[in-house]
Amino acid sequence: STAAGSGRLSGTTLAARAAAVLRDNDTGALVTASPKLYPHMWSWDAAFIAIGLAYLDVRRALTELGTLLAAQWSDGMLPHIVFTDADGYFPGPDRWGTDTVTRRPASVRTSGICQPPVHAIALRRIVDVARANSAGEAALAESFTARAWQALYRWHRWIARHRIAEPQGLLTIVHGWESGMDNSPRWDAPYAGVRPGPDLPPYVRLDTLGVDDPAERPSDDEYHRYLWLIEQMRRVGYEPVEVLATSDFRVGDVFSTALFAVACDDLADLADDLSLPFRAEVAGLRMWAARSRRAVADAADPVSGLAFDLDLRSGERLRTRTVAAFAPLLCSALAEPLETRLLSDLTGPDWAGHPGLTAAVPPSVSPRENGFDPRRYWRGPQWPVVVWLFSFALRRGGHTALARHWRQEGLRLLSDGSFGEYYEPFTGEPLGSTQQSWTAAVALDWLC
Ligand code: 9WN
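A brief look at the structure comes next.

Basis of the calculations
Residues numbered from 1 in each chain as written. Predicted model: local features only at pLDDT ≥ 70, side-chain atom pairs only at ≥ 80, totals over all residues. Helix = DSSP H or I, 4+ residues; strand = E, 2+ residues; numbered from the N terminus. Buried ≥ 20, exposed ≤ 12 C-beta atoms within 10 Å, placed from the backbone. Arc of directions from axis to C-beta. Contact = placed C-beta atoms within 7 Å. Near = placed C-beta within 6 Å. Nonpolar A, V, L, I, M, F, W, Y, C, P; charged D, E, K, R; others polar. Pairing = 2+ DSSP bridges.

### Regarding unusual backbone geometry
Following Phe-90, the chain continues to Pro-91 via a peptide bond in cis, the omega torsion being 5 degrees. Relative to the assigned elements, Pro-91 resides in the loop between strand 2 (81-82) and helix 4 (93-96). At Ser-332, a position not held by glycine, the phi torsion is positive, near 45 degrees. Within the fold, Ser-332 resides in the loop between helix 13 (327-330) and helix 14 (338-347). Given 19 C-beta atoms within a 10 Å radius, Ser-332 is considered partly exposed. One non-glycine residue, Tyr-377, lies in the positive phi region at around 50 degrees. Relative to the assigned elements, Tyr-377 resides in the loop between helix 14 and helix 15 (384-396). Of the residues examined, Tyr-377 has 24 C-beta atoms within 10 Å and is grouped as buried.

Quick look at the structure:
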């Protein structure tokens, strides 16, 4: 079933393999992010995984979102990791020290930070998939939505209350992990201001054991800073106001802000669509969506249209050219001619149109940017989930031909069937973890 000896699997075989990855990583209540490197549930992975699951079993997809929502803290925060009993990942729940935090539900162990708010986007997608499947599945998805809506709203309200930095209106992150793009060069300048104290408790990294080559992961120096930030937050009990006041890292993230804008509208649309009785909440969501979209537009360079993060501690604009700078395309933040300008940049030779690429989809950093590293994590490789987000947004924004093209090129990347976490852009080699659940989920959404 490979295409003419190319080592590429046919669509049917690839879909079957993707389904097998999700099945193999399924513990019953949750699908782990990957079998070896990440044996727990990650917040934004879970959203994408749920979309993939919807093509196999809508009920199971809804369970995934339900498991994540059951770990929601009483103030509304959705934690970035929901831990299983598995060992082998560091920092685990003991290091996070969240067991003493009473806002965490007693039944689960979690981390103390969050990740990009893509969950309402996923739920809306699942409702659409369910409706296309059958009346029975549609009813399941709709009744789940009616039950889960307020929890998702409380998650959005937590962000609006605690993480929207005025006057810029960007979504604030307090750790690179909250962006989902851990060691992106976006965060190099802010991390330079993170100075681990001598009282940082010792630790041993485990993540480097889960990959072929430690150079595919962040450096030790970066990890030291990651652990220091956790230590700072642990000391204030992850209390949101105190975290903002004490953290060495406070950045307005354009990519997360764009996703928040889309997610707020999607959650509001779900309420309207199902005639849920939440008029005031829907008005709030529409306002947060508009405010976030405006913040992304305000962060955009007036000539190039690229949107740049803002270091809220130093006031510095972070002008590294990473794929996140195309955030305005995710939420249609910019009017013409800037939108077209951004699109031609992203499809041109600095990005997806670079002549050396195996698959013509955007890498995490432009190959023409200083410091681009084709093998190291968020510093250059292509990430299927990011490609999926852009092609999904482009299709919604009416750029259907380009969306179709990226779907096809994205599938080219995945067609060896190993479901890598990320890919070397020039050789197409899968890097990091394999059997990565969200990569399999993205394949299912593209194929089904
Ligand atoms: C830290 C699970 C997660 C993704 C992130 C990705 C990576 C974790 C790590 O893996 O981060 O949260 O240990 O490297 O950067 O986007 O959610 O797949």
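### Looking at helix 14
Every α-helical turn comprises 3.6 residues, leaving residues that sit three or four positions apart pointing alike. For helix 14, the complete set of buried residues consists of Leu-342, Asp-345 and Leu-346. Across the axial projection of helix 14, the buried residues extend over an arc of 95 degrees, all falling on one side. Residues Thr-340 and Ser-344 are exposed on helix 14 and point more than 90 degrees away from its buried face. Buried residues belonging to helix 14 abut helix 13.

### Description of the site of the ligand
Taken together, the residues surrounding the ligand are Ala-33, Tyr-38, Trp-42, Trp-44, Asp-45, His-80, Trp-177, Gly-180, Asp-182 and Asp-207. Within the shell around the ligand, the residues separate by chemical class into 5 nonpolar, 2 polar and 3 charged.

### Remarks on the pairing of strand 4 (residues 170-173)
Both strand 3 (residues 164-165) and strand 4 contribute to a ladder of 2 bridges, which runs antiparallel. Paired with Ala-165 across the strands is Leu-170, a residue of strand 4. The sheet contact formed by strand 4 and strand 5 (residues 251-253) spans 3 bridges and is antiparallel. Among the inter-strand pairings, Ile-173 is bridged to a residue of strand 5, identified as Val-251.

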